[in-house]
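Topology and contacts: notes
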Amino acid sequence: MNSKKTKRNLGYVLLPLFLCIGIVGGILIGAYVEKRTISPAQHKLQTILGLIRDQYVDQIDIDSLMESSIPDLLASLDPHSAYIPASELTKTNDELEGSFGGVGVSFQIISDTVHVIEVVAGGPSEKAGILPGDRILKAGDKELSGHGVSSEDVFKTLRGPEGTPVKLTVKRSSANKPLEFEIVRGQIPQNSVDASYMMSDNIGYIRVGKFARTTYSEFAQALNKLRNQGAEKYVVDLRNNSGGYMDQAIYMANEFLPSGRMIVYTKGRLPENETMAVSDGSGDYQDAELTVLMNEYSASASEIFAGAIQDNDRGLVIGRRSFGKGLVQNQTQLPDSSAIRLTVARYYIPSGRSIQKEYSRGRDGKYDLDIVSRYNHGEFYSQDSIKLGDKKFSTVGGRTVYGGGGIMPDVFVPEDTVGITSYYIEAINKGLIQKFCHNLSEKYRPLMKEKTLEAMNRVVPRDQSLLTAFVDFAAANGLPARWYYINKSRNLLLNQIRGVLARDLIGYEAFIEILNDQDNTVRKAGELLRDGKSPVTIPAKKEK
């Protein structure tokens, strides 16, 4: 009995000792492992931070120093890896997940300047006349350009309670002086499908503005609606669609492809980042004729959809060369609720080509200004000016396509400059069409018994009366009448006026429908579909 007590007492004494030895041993082993796994450069960084913390002449918050250094670190990897501070994460995710109050623009800070990348369809900025490519200099009295401007500054300034005004000062390439726009913040619509309507008895048109969580379901609903109205052929407009969720583009492409067709695959350093998407044959529109519209602002998921259609010879891509983003990012939330979007793979479309345009590690400015370079090179106006990639690939039917630098259109349509005069540009830059239509819509809205284009055309003045009323309004607001230029821009002016009136009186879809009446790219797509020139017969796979 005494022996048992002695053993038990000895256990009470030795247990803490064993625990202590285990903890110390763990610390020593951890230190050894850490020393073995930390590279010399990482050790150097720790040493530098320690010296700054302990010896720098002023007291420095090391956490704040690291916070400001992380964006530069990620920017040195590639153009699309990015750091999102905790204060911005919810706001950034809102653009794809839901709706929010603000002015309705997506932006990127390039060379200390806020560039408007996308204007949300139907949002306050679109209604006020803000355009993609505008550079925001000020919001109210707050400067938004120059060294030190951050995304957080822009978010805080542009977003706010619904109904509150903000004056934006922007620089536009077509204007000699900065322009001012008074914008009333509102709830930003986050629908993916901006418009879907019948272009003719059997041709349906769908414009997809972004790839968000609900894009595929909205797209499928639009397809079904148009098919019920008699559509047998479709125009899918992805112009100015900068991308979003890849899976939504895959689901969309699956609607048009038979079983077993490659849609996209990714390659990364880790096996978990290597994926492949193949059509499953469940699509309801495998026999429908199809065209896809693209331009220089069509990127990422837009290029996946267009590439799957083009490489499978399933339809024609029409318009201008797309942006050229072939990198895949994963978003990882960090312990402090910030996040990083890290490039983990490259994606390849069915022919095996990557459409990622060239970039150098680190930001040298060339990548961000690529669209400007294309414009200056004349690519928007001449197919011969397009710089084709060096590597050639083949579609399933044997057509030659090119990799590196975006999706090359099967049918090139230059940017239309017919009717663009200094009078028209100034009217657009001053936002006079939006202001004129706002006043007019207030007058004619009570007279419309139903929200249709037919009802609008019955109450709105005919072309000449409408144009004269606008010219008088513009003259009263600082734009003198110059009838030589007004007559040259007549069709453009009337199309814009009727379009904006339709938006205010009926809705955004009517606005798109009217503007498309004089859109050469949409016209070309309709012409090719009517003539049966968009390929619909998918060649059988060649046996190896």
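**Structural notes on a negative patch on the surface**
The grouping of Asp61, Asp63, Glu67 and Asp336 at the surface amounts to a negative patch. Take glutamate 67: it is sitting in helix H3 (residues 62-75).

**Re the layout of surface pockets**
Taken as a whole, the second largest pocket holds about 840 Å³ of empty space. Taken together, 28 residues line the second largest pocket, and the ones lying closest to its centre are Lys357, Glu358, Lys387, Gly404 and Gly405. At the level of secondary structure, the elements contributing two or more residues to the lining of the second largest pocket comprise strand S18 (339-348) and helix H10 (370-377). Taken together, the residues that form the lining of the second largest pocket break down as five nonpolar, ten polar and 13 charged.

**Examining the sheet that holds strand S12 (residues 233-237)**
Taken in spatial order, the six strands line up as S10-S11-S12-S15-S16-S21 in an open sheet, and their pairing is mixed. The open sheet has two free edges, formed respectively by strand S10 (193-198) and strand S21 (411-412), since each of these has just one partner strand. Here four bridges tie strand S15 (residues 289-294) to strand S16 (residues 316-319), and the two strands are oriented parallel to one another. Bridge assignment links threonine 291 to a residue of S16, and that residue is leucine 316. With respect to the sheet, helix H9 (residues 301-311) is in contact with S12, S15 and S16, its orientation differing from that of S15 by roughly 140°. Across the sheet, helix H18 (residues 520-530) lies against strand S11 (203-208), S12, S15, S16 and S21, angled at about 160° from S15, the strand it touches most.

**Topic: the pairing of strand S8 (residues 179-184)**
Of the two faces of S8, the one holding Leu179, Phe181 and Ile183 is buried and the one holding Glu180, Glu182 and Val184 is not buried anywhere. The pairing of strand S7 (residues 165-171) with S8 spans six bridges and is antiparallel. Bridge pairing in S8 links leucine 168 to phenylalanine 181.

**Remarks on the environment of isoleucine 355**
Residue placement: isoleucine 355 occurs in the loop between S18 and H10. Isoleucine 355 sits 32 residues away from phenylalanine 323 along the chain, and the two C-alpha atoms are 8.7 Å apart. If near-sequence neighbours (up to four positions away) are discounted, isoleucine 355 is found in contact with Glu303, Gly324, Lys325, Gly326, Tyr347, Ile349, Gly404, Gly405, Gly406 and Ile407.

**Quick look at helix H16 (residues 490-505)**
Owing to its 3.6 residues per turn, the α-helix aligns residues three or four sequence positions apart on the same side. An ideal rise of 1.5 Å per residue puts 22 Å on 16 residues; H16 measures up with 22 Å between its terminal C-alpha atoms. Most of H16 is tucked away: 13 of the 16 residues are buried. Glycine 507 occupies a position one or two residues after H16 and carries a positive phi of about 155°.

**Some thoughts on the packing of helix H12 (residues 432-444) against H16**
It is at 9 Å that the axes of H12 and H16 come closest, and there the two elements cross at 50°. Compared by their axis directions, H12 and H16 come out oblique. Our pair here, H12 against H16, has a crossing hand that is right-handed. Touching Ile433, Gln434, Phe436, Cys437, His438, Leu440, Ser441 and Tyr444 of H12 are Leu493, Gln496, Ile497, Val500, Leu501, Arg503, Asp504 and Leu505, all from H16. Here the residues of the contact of H12 with H16 sort into ten nonpolar, four polar and two charged.

**Quick look at the nonpolar core**
One finds Met456 and Phe470 to be the most contacted residues of the largest nonpolar core, which totals 51 residues. When residues in this core are grouped by element, the largest group, eight residues, is from H16. Among residues more than four places away in sequence, those in contact with phenylalanine 470 are Tyr423, Ala427, Leu432, Ile433, Phe436, Leu493 and Ile497. Grouped together as the second largest cluster of nonpolar side chains are 40 residues, Ala288, Ile304, Ala308 and Ile355 included.

**Quick look at the packing of helix H14 (residues 463-476) against H16**
Where H14 contacts H16, the two axes come as close as 10 Å, and the packing angle between them is 90°. Here H14 is positioned roughly perpendicular relative to H16, judged by the angle of their axes. Facing Asp463, Gln464, Leu466, Leu467 and Phe470 of H14, the residues of H16 in contact are Arg490, Leu493, Leu494, Ile497, Arg498 and Leu501. Of the residues belonging to the contact of H14 with H16, the class tally is seven nonpolar, one polar and three charged.

**Quick notes on the environment of glutamate 509**
Examined against the element boundaries, glutamate 509 turns out to sit in helix H17 (residues 508-516). Counting along the chain gives 316 residues from glutamate 509 to valine 193, while the straight-line C-alpha distance between them is 9.5 Å. Residue contacts for glutamate 509: discarding those within four places in its chain leaves Asp194, Ala195, Ser196 and Lys225. A polar side-chain atom of glutamate 509 sits 2.8 Å from the main-chain amide nitrogen of serine 196.

**A word on the packing of aromatic side chains**
Applying the stated criterion to the full structure yields 15 aromatic pairs. Here phenylalanine 436 and phenylalanine 473 contribute two aromatic rings whose centre-to-centre distance is 5.6 Å and whose plane-to-plane angle is 55°, an arrangement assigned as tilted. Of this pair, phenylalanine 436 sits in helix H12 while phenylalanine 473 is found in helix H14, placing the two residues 37 residues apart along the sequence. When its relative accessible area of 6% is taken as the criterion, phenylalanine 436 is described as buried. Among the aromatic residues, ring-to-ring pairing joins Phe219, Tyr234, Phe256, Tyr285 and Phe305 into one connected group. For the cation-ring pair, arginine 320 lies above phenylalanine 380, with the distance from its terminal atom to the ring centre recorded as 5.4 Å. In this structure, lysine 357 packs its charged tip against the face of phenylalanine 323, placed 3.6 Å from the ring centre.

Rules of the game
- Residues numbered from 1 in each chain as written.
- Predicted model: local features only at pLDDT ≥ 70, side-chain atom pairs only at ≥ 80, totals over all residues.
- Heavy atoms only, no water.
- Patch = residues over 30% accessible without salt bridge, like charges linked within 9 Å, V, L, I, M, F, W, Y side chains within 5 Å.
- Areas by Shrake-Rupley, 256 points an atom, 1.4 Å probe, with all protein chains shown as cover.
- Salt bridge = Lys/Arg side-chain N within 4 Å of Asp/Glu carboxyl O.
- Lys, Arg positive; Asp, Glu negative; His and termini not counted.
- Charge placed at Lys NZ, Arg CZ, Asp CG, Glu CD.
- Helix = DSSP H or I, 4+ residues; strand = E, 2+ residues; numbered from the N terminus.
- 1 Å grid on protein atoms, 1.4 Å probe; cavity = no way out; pocket = protein on both sides within 12 Å on 5 of 7 lines; lining within 4 Å.
- Points joined across faces, edges and corners; volume = space filled by probe spheres on them.
- Nonpolar A, V, L, I, M, F, W, Y, C, P; charged D, E, K, R; others polar.
- Pairing = 2+ DSSP bridges.
- Contact = heavy atoms within 4.5 Å.
- Axes fitted to C-alpha atoms, helices over the stretch in contact; angles between N-to-C directions.
- Buried < 20%, exposed > 50% of the residue type's maximum accessible area, 1.4 Å probe, protein only.
- Expected span 1.5 Å × (residues − 1).
- Parallel < 35°, antiparallel > 145°, perpendicular 65-115°, else oblique.
- Left-handed = near helix turned anticlockwise from the far one by under 90°.
- Core = buried A, V, L, I, M, F, W, Y, C linked by side-chain atoms within 4.5 Å.
- Polar contact = N/O pair within 3.5 Å; in protein donor to acceptor, adjacent residues only side chain to side chain.
- Phe/Tyr/Trp six-rings, centres within 6.5 Å; stacked < 30°, edge-to-face > 60°.
- Lys NZ or Arg CZ within 6 Å of the ring centre and 35° of its normal.

Limitation: the analysis is restricted to geometry and does not speak to function.
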